[in-house]
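These are the residues of each chain, in order.
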Amino acid sequence: MAELSTVARPYAEALFGAACDDKAGLAAWADLVGELAQVAENPDVREVMSDPRLENAQRVEVFTSLIKSSLPQAVRNFIELLVENDRLLLLPIIATQFVALKNRREGTAQAEITSAFEMSEAQVSELVGALEVKFGLKLKPHVTVDHSLIGGVRVAVGDQVLDTSVKAQLARLRDTLAA
């Protein structure tokens, strides 16, 4: 996977540069890039885009016809470039990197919060407030429930993980006792 993200990085950076120069704004571009990625993730689309019988122009036409939003010329050119370089199926990775670049510019990050139990809005707000102080970023929480944690929460912000779940504490205790 690291190899694909390395290949996708220059495309994401180029797309981000074009988005920064556009008056539509980064949020609009992020939505559009997300839509492109969603279409590219579809197994049927992946199969069609891999069909060797299709010419590049046909691939571009088929792919752009599946996009509901109107496409600015810069995005059409980007799609043509991806098709020409046989990189269209990297769009989901490019979109992830695009959002990371957008978040870095805005000083925000996605916080993946996994809790053992349902959390109220107040609990989420309190947790996010404490995490924002710890990480020094404005966090956008995405909360999921995983009962196997037994208790507590696990938070992932970028490549940093804070795991205060009972399951993790039991694993640490087991490792300490086994050593």
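Residues numbered from 1 in each chain as written. Predicted model: local features only at pLDDT ≥ 70, side-chain atom pairs only at ≥ 80, totals over all residues. Heavy atoms only, no water.

(A) Representation of the pattern of salt bridges within the structure. Summed over all chains, the structure comprises 7 salt bridges. For the salt bridge of E106 with K102, the shortest nitrogen-to-oxygen distance reads 3.2 Å. Highlighted residues: E106 and K102, both in helix 6 (residues 91–106), separated by 4 residues, approximately one helical turn. A salt bridge links R154 to D146; the nearest nitrogen and oxygen atoms lie 3.8 Å apart. Residue R154 is classed as partly exposed on the basis of its relative accessible area of 28%. The structure contains a network of salt bridges with shared partners spanning K102, E106 and K140. (Salt bridge = Lys/Arg side-chain N within 4 Å of Asp/Glu carboxyl O. Helix = DSSP H or I, 4+ residues; strand = E, 2+ residues; numbered from the N terminus. Buried < 20%, exposed > 50% of the residue type's maximum accessible area, 1.4 Å probe, protein only.)

(B) Structural detail: the domain arrangement of the protein. Annotation of the protein at the domain level lists domain 1 (1–104) and domain 2 (107–178). When each unit is reduced to the centre of its C-alpha atoms, the spacing between domain 1 and domain 2 is 32 Å. (Domains from an automatic or database assignment.)

(C) Examining the sheet that holds strand 1 (residues 108–115) more closely. Pairing within the open sheet is mixed, and its 4 strands lie in the order 2-1-3-4. Edge positions in the sheet fall to strand 2 (138–145) and strand 4 (160–163), since each has one partner strand and no second. For this sheet the average axis-to-axis angle between neighbouring strands, irrespective of direction, equals 20°. As paired elements, strand 1 and strand 3 (residues 153–157) share 5 bridges and run antiparallel to each other. Bridge pairing links A111 to V157 in strand 3. (Pairing = 2+ DSSP bridges. Axes fitted to C-alpha atoms, helices over the stretch in contact; angles between N-to-C directions.)

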